[in-house]
Structures are given as C-alpha cells and as structure tokens.
Amino acid sequence: SMLKELGTTRISMGVQTFDLELRKVLGRREGVDDVFEAIENAKKLNLEVNFDLLYWLPYQTLEHIAADIRMVQQLQPTDVDWYNMVYDPLLKNDPLSRLVTKKNNVVDDTAGLLRTRQAMHDGFRDIGFHQHFVDNYSSTEKKDSYHIIRTGCYDGSGQTLGIGVSSLGTIGNFVYSNPDSTEAYYSALKEKRHIYKWVYDLTPQRQLERILFPF
C-alpha cells in the first residue's frame, strides 16, 4: 500500500520456479504461499504484476516447464520474464555451476535447450500469452512501457526500486545493485545504512550502452 501511495505502478517478483523441489536446488527456503499472497495483494491495488522464472535448471524437465506455465495461467500476471540459468564452471564458489559441471547433463545439451524453449513458446501460446521479447511473455498484445524503456528507449523516466538481495534499481540517473549476500543485506538494514553493493552514474555513454547491449 505504501509503494502504491508513492506512485509505484508495477511489482516484479523473483519467483524463479513454483516447483518446491527445484526451489530447494536453488536455495529458496520459502514456499510459494508468500508468492500467492503478494500477487493477490498487488492485484487488489491494481498494480501491474510481473514475475521472473528460470529455465535450464538442474533436474528441470519439460513437465516442470508445463507446470510453471499452468501456474501462470492460474495467477494471470501482467507478464512474465523467463530467463535461462547462466552457469560459470570457473566460479568455484557457485554451487549450481559445480552441480551441472559434475553432472554434465545440462550445459552441453543444446537439443534439450531448444526443446525447452519450444515448449515455453507453445505453452504460452496455448494460454493466450504473447511473446514480445526474447524472454518476455505478456497477457496482452500491447508491449508494456517498462520493457520498452528498459530494453531500447531508456530516457531516464523508468525508475525502479530494487528491494532484496542482489536486486537492481534505477533511481534518477543512478543505477545500483544490492549486496548478493543475505548477511550483508540484513546487516545494512539493521544498521540503517545504505545497502548498495555498487552504484554508478547513468551517463549518456552508459545510456547508449544499455540500449545497444541490454543485459
């Protein structure tokens, strides 16, 4: 309610997956009841609702993809961003990268990746969603202003408040990232100090880079 009163128009949540076992693989301790409640509350306030999902996860099957799409159909968000998981075997402290490198059943399976993307495309089409960008599916044919601003026409008007570990935000002409450590994030909150991991000025050159090289 406070965010709504302050002019917020869109809520985006990092759901990643609705499957409880896959959530454990990702280290997500909470269930999905909180997600359902947050979506319901946002809709009551007439806020646009988006959530991020992940594919190309360890142990993830096409049935998992279909099940997540059924949840999208049930919850009816404004749109969904569904990104592929990125692994870096050189990061020794990344448990997911270590897992897939050891199992060797995800990263090298290009055919499986193509089948997954085809299943996503077909599944969203079957529930009436439209693909507007590579990894964005919307409940309407009209492209939402958020993605237009963020992916190709950034003019300083797209203000984003990132809340939570590792989230990104754009306030004024500054882009920031929160810490990727739960301990560092909550420690900063407790001490009532700035919690940014990094901040940089969105100069004209960097604005151009965001347009040319999104993500």
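Located above this text is the structure these notes cover.
Residues numbered from 1 in each chain as written. Predicted model: local features only at pLDDT ≥ 70, side-chain atom pairs only at ≥ 80, totals over all residues. Heavy atoms only, no water.

A. Fine view of the environment of Thr8. Note that Thr8 resides in the loop between helix H1 (2–5) and strand S1 (10–16). For Thr8, a relative accessible area of 23% corresponds to the partly exposed category. Thr8 sits 152 residues away from Thr160 along the chain, and the two C-alpha atoms are 9.0 Å apart. (Helix = DSSP H or I, 4+ residues; strand = E, 2+ residues; numbered from the N terminus. Buried < 20%, exposed > 50% of the residue type's maximum accessible area, 1.4 Å probe, protein only.)

B. Geometry of the sheet that holds strand S8 (residues 198–201). In spatial order, the strands read S6-S7-S8; together these three strands make up an open sheet with antiparallel pairing. The sheet terminates laterally at strand S6 (168–171) and S8, the two strands that pair on one side only. Adjacent strand axes in the sheet meet at a mean angle of 20° when their direction is disregarded. Direction of pairing for strand S7 (residues 174–177) relative to S8: antiparallel, over a ladder of four bridges. Paired with Val175 across the bridge in S8 is Tyr200. (Pairing = 2+ DSSP bridges. Axes fitted to C-alpha atoms, helices over the stretch in contact; angles between N-to-C directions.)

C. Summary view of the pairing of strand S2 (residues 48–55). Burial analysis of S2 places seven of its eight residues in the buried class, the great majority of the element. By the bridge criterion, six bridges tie S2 to strand S3 (residues 79–84) in an arrangement that is parallel. In the sheet register, Asn50 faces S3, and the bridge partner there is Asp79. Note on the crossover from S2 through helix H4 (residues 62–75) to S3: the handedness is right-handed. (Right-handed = clockwise from strand over helix to strand, strands pointing away.)

D. Focus on unusual backbone geometry. Phi at Asn46 takes a positive value of approximately 60°, unusual for a residue other than glycine. Note on placement: Asn46 falls in the loop between helix H3 (33–44) and S2. On the accessibility criterion, Asn46 (66% relative accessible area) is exposed. We note that Lys192 has phi near 55°; this positive angle belongs to a residue other than glycine. Within the element layout of this structure, Lys192 appears in the loop between helix H8 (182–190) and S8. The exposure class assigned to Lys192 is exposed, which follows from its relative accessible area of 78%.

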